[in-house]
Amino acid sequence: MHFAQPVLRVFVTRRIPQEGLELLQRAAVCTVSLWDSDEPVPRAELLKGVEGAHGLLCLLSDRIDAEVLDAAGPNLKVISTMSVGFDHLAIDEIKKRSIRVGYTPDVLTDATAELTVALLLATARRLPEGIQEVKSGGWSSWKPLWLCGYGLSGSTVGVIGLGRIGLAVARRLKPFGVKRLLYSGRQPKPQAQEVDGEYVPLDSLLCESDFVVVSCALSPETQGLCDKAFFTKMKTTAVFINTSRGAVVNQEDLYEALTAGQIAAAGLDVTTPEPLPTDHPLLALKNCVVLPHIGSATYSTRGIMAKLTANNLLAGLTGEAMPSELKL
Amino acid sequence: IIFLNKTKKPQKLLMKLFSLIVIHSQRQLLWIHTFLSLCSSLFFLRVQFELWDSDDPIPRQELLKKVKGCDGLLCVLTEKIDAEVLNAAGPNLKVLSTMSVGFDHLSLGELKKRGIRVGYTPEVLTDAVAELTIALLLATSRRLIEATHEAKTGGWGTWRTLWLCGYELADSTVGIFGLGRIGVAIAERLKPFKVKKFIYTDVAPRPELAAAIQAEYVSMDELARQSDFLAVCCALTPETQGICNKNLFSKMKNTSIFINTSRGGVVNQEDLYEALSTGQIAGAGLDVTVPEPLPTNHPLFTLKNCVILPHIASASYTTRNAMSALAANNLLAGLRGEPMPKELQL
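In this text the structure is predicted, and so the values were computed from the model without any measurement.

Draft legend 1. Here's a closer look at the overall build of chain B. From N to C terminus, chain B includes 13 helices and 12 strands. Within chain B, the fraction of its 346 residues that count as buried is 56%. Restricting to contacts in chain B with at least 6 residues of sequence separation, those with at least 24 account for 66%. Carbon together with sulfur atoms contributes 55% to the accessible area of chain B, which is approximately 14200 Å² in total.

Now the structure itself:
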């Protein structure tokens, strides 16, 4: 048996949902070497596994930098990540080597926007506190002011970064009676009209918002954006929500702000590092809700992401147009 | 709870009110405003009032003692206002104002018999309750409580593809059991989550309310069969008592989420436990239980897929203030013999 061309080799860094793996196997375009585990591939295994690979399917927990790319060698023509974020990819190095990149925008927008709203509501209406009280015997009877929270009705919401996810969050918050929807970013967005969004300077957004939702990409400009100065400008009754990337927030400054009563509460789905060590001070605060990065965690969305990731990879291997290619 | 009668001196009571109010933060300014309005209105009317000056419910014996000779009674949902209380109050009692929209704690027959008018607080709490219902629905469907627990106890490793996955609202069917103001408000808020279809059941179709949310009227059985998310929003009545039982749960999808923010008595809790522990339904979120509080050793607490909140649906600062103002105004109107802002038709 011989092949008309060398068999294309692919390294998959995690056991991804069946829908994706099956697509790769059925396509019969490549041989798949799979790190068949729910846990991340150790660095040494990654460097070994990519050797000679034509395609690499990875997750956001895999740092794909010059070392990995060098270990892979000149065959590597496509990297397909099962995420919309790409801060784990050394874009310059990848571009230099003319490697194409696939990612998963849009398909996870609904699940992530939904989780962002879930987190906002859980934080504002003090759900984890309530549940703690119930389990520990702190619930005695209905009381007029016990566990009162901040409602969305009549409020001002500020979205930092009105991209796909930010806009989807704004759409979902509107019918809760939000009075004003503010947003900030590098420039105004025409699609903001749909949610009556007002483009304002960041400082205004911080001073006027009852709910601040961070929805921007992590970049050198947004790294550490949410720091002491940021929190000082916010209302003392405001709720801060971050479901973008952990590094956008200065966690020490956030802890200060929460304990000093500079802001009322915070909800985070992303942290630095991930996982956050169990003895981290933020985890001990009643007014801080921390989720373990589950923004896109629904069965249907993860299945769709897996399929898209596989399809991006296959297109990259065969030199075709990708369903979702990242412009480098 | 506030009792009004025309005999005692008000000064001491005013001071008691101030002490109740000033211990809270600046967010509670409206409370001060409400109570001061109430005080000044009452001074003007030359009535004075007594306050059970506590965050905790009034013990039954105290209640029976203090209502004697009252003209008006302002209560919350923890007080059972039945024949015993009304008899203890005597013939002066002409108005009962409850700071709630539910009135299952009031013996309506007994009140009607005695010609006592009743005020309650619909509408002002609709937004807060709808909002909390959705908070609870999402916390249940997206497994937030399991997730926060993992984050705190070391179960959080690195990002994994199928860990803590939940069920999405996008493309789902949402069923509402009891389509009233709150049911409609819930549907309005769920719409942008890309819900595919809203269905509802009730004692009879509610065309006007249903039209606002494009919801289809179905039987209870169909509601169970078709719903991915089922929210219970009905009042507690003899007909709805225990209506969410194994008959309902056995017909539901095993990927469905059941939410109750109405009254605990609508749900058969043993049947719910069965349904959750055997995987008949995927998860449940409750803001109301029987009893309240639910004892900490109740079996429902052992289930990861059951989220229980301590009846906080209307617990937002602005809403509780609005409820208290409305309850006060209902009471005053009743004392003056005027139309109430929100009178319960008996």
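Draft legend 2. Quick look at the side chain of E129 of chain A. Summarising the element assignment, E129 of chain A is placed in helix α6 (residues 127-136). If we skip the residues at most four places from it in the chain, E129 of chain A touches L147 and K286 of chain A.

Draft legend 3. Expanded view of the pattern of salt bridges. If you walk through the whole model with that rule in mind, you get 45 salt bridges over all chains. Among the ionic pairs, R26 of chain A bridges to E22 of chain A, the shortest N-O distance being 3.3 Å. Of this pair, R26 of chain A and E22 of chain A both sit in helix α1 (residues 18-27), separated by 4 residues, roughly a single helical turn. Linking R117 of chain B and E343 of chain B is a salt bridge whose minimum nitrogen-to-oxygen distance equals 2.8 Å. Note that R117 of chain B is positioned in strand β5 (residues 117-119) and E343 of chain B in the segment after α13 (317-336), a separation of 226 residues in sequence.

Draft legend 4. View of the UniProt feature "domain: D-isomer specific 2-hydroxyacid dehydrogenase NAD-binding" (unreviewed entry) in chain A. The sites that UniProt annotates as "domain: D-isomer specific 2-hydroxyacid dehydrogenase NAD-binding" (unreviewed entry) are residues 117-295 of chain A. The span residues 117-295 of chain A shows a helical share of 28% and a strand share of 16%, and its end C-alpha atoms are spaced 10 Å apart.

Draft legend 5. Layout of the packing of helix α5 (residues 109-124) of chain A against helix α7 (residues 164-173) of chain A. Residue and element names in this part refer to chain A. Where α5 meets α7, the closest approach of the two axes is 9 Å, and the angle between their N-to-C directions is 55°. As far as their axial angle goes, α7 and α5 are oblique. At the point where α5 passes α7, the crossing takes the right-handed sense. Two secondary-structure elements touch here, α5 through T109, D110, T112, A113, E114, T116, V117 and L120 and α7 through R164, I165, A168, V169, R172 and L173. In terms of residue class, the contact of α5 with α7 is made up of 7 nonpolar, 3 polar and 4 charged.

Draft legend 6. Looking closely at the UniProt feature "domain: D-isomer specific 2-hydroxyacid dehydrogenase NAD-binding" (unreviewed entry) in chain B. Mapped onto this numbering, the UniProt entry annotates "domain: D-isomer specific 2-hydroxyacid dehydrogenase NAD-binding" (unreviewed entry) at residues 134-313 of chain B. Secondary structure content for residues 134-313 of chain B is 31% helix and 16% strand, and the end C-alpha separation is 10 Å.

Draft legend 7. Region of the structure containing the layout of surface pockets. All names here are of chain B. Counted as a void, the second largest pocket has a volume near 1000 Å³. Taken together, 43 residues line the second largest pocket, and the ones lying closest to its centre are C233, C234, A235, L236 and S262. Examining the composition of the lining of the second largest pocket, we find that 3 residues originate from one element, helix α8 (residues 181-190), more than from any other. Its residues placed into classes, the lining of the second largest pocket shows 25 nonpolar, 12 polar and 6 charged.

Draft legend 8. Representation of α6 of chain A in the model. Those residues of α6 of chain A not exposed but buried are L127, E129, G130, I131 and V134 of chain A. Phi turns positive, to about 85°, at G137 of chain A, one or two residues after α6 of chain A.

Draft legend 9. Quick peek at the interface of chain A and chain B. At the interface, 70 residues of chain A touch 70 residues of chain B. Of the roughly 6500 Å² buried between chain A and chain B, counting both surfaces, carbon and sulfur atoms make up 66%. When the buried area of chain A at its contact with chain B is split by residue, R125, W139 and W142 of chain A rank highest and sum to 15% of it. At the junction of chain A with chain B, the criterion picks out 5 salt bridges. Between K143 of chain A and D56 of chain B there is a salt bridge whose closest N-O contact spans 3.5 Å. At the boundary of chain A with chain B, the tally comes to 27 residue pairs in polar contact (both at pLDDT 80 or more).

Draft legend 10. Structural context of the environment of I134 of chain B. Relative to the helices and strands, I134 of chain B resides in helix α6 (residues 126-141). Given the relative accessible area of 0%, I134 of chain B is considered buried. As for I134 of chain B and R189 of chain B, which are separated by 55 residues in sequence, their C-alpha atoms are 8.0 Å apart. When sequence neighbours within four positions are dropped, the list of residues in contact with I134 of chain B reads L121 and F176 of chain A together with I186, R189 and L190 of chain B.

Quick notes on the rules
- Residues numbered from 1 in each chain as written.
- Chains lettered and ligands numbered in written order.
- Predicted model: local features only at pLDDT ≥ 70, side-chain atom pairs only at ≥ 80, totals over all residues.
- Heavy atoms only, no water.
- Helix = DSSP H or I, 4+ residues; strand = E, 2+ residues; numbered from the N terminus.
- Buried < 20%, exposed > 50% of the residue type's maximum accessible area, 1.4 Å probe, protein only.
- Contact = heavy atoms within 4.5 Å.
- Areas by Shrake-Rupley, 256 points an atom, 1.4 Å probe, with all protein chains shown as cover.
- Salt bridge = Lys/Arg side-chain N within 4 Å of Asp/Glu carboxyl O.
- UniProt positions renumbered as here; feature names shortened; annotations may be inferred.
- Axes fitted to C-alpha atoms, helices over the stretch in contact; angles between N-to-C directions.
- Parallel < 35°, antiparallel > 145°, perpendicular 65-115°, else oblique.
- Left-handed = near helix turned anticlockwise from the far one by under 90°.
- Nonpolar A, V, L, I, M, F, W, Y, C, P; charged D, E, K, R; others polar.
- 1 Å grid on protein atoms, 1.4 Å probe; cavity = no way out; pocket = protein on both sides within 12 Å on 5 of 7 lines; lining within 4 Å.
- Points joined across faces, edges and corners; volume = space filled by probe spheres on them.
- Buried area = accessible area lost by both parts, 1.4 Å probe.
- Polar contact = N/O pair within 3.5 Å; in protein donor to acceptor, adjacent residues only side chain to side chain.

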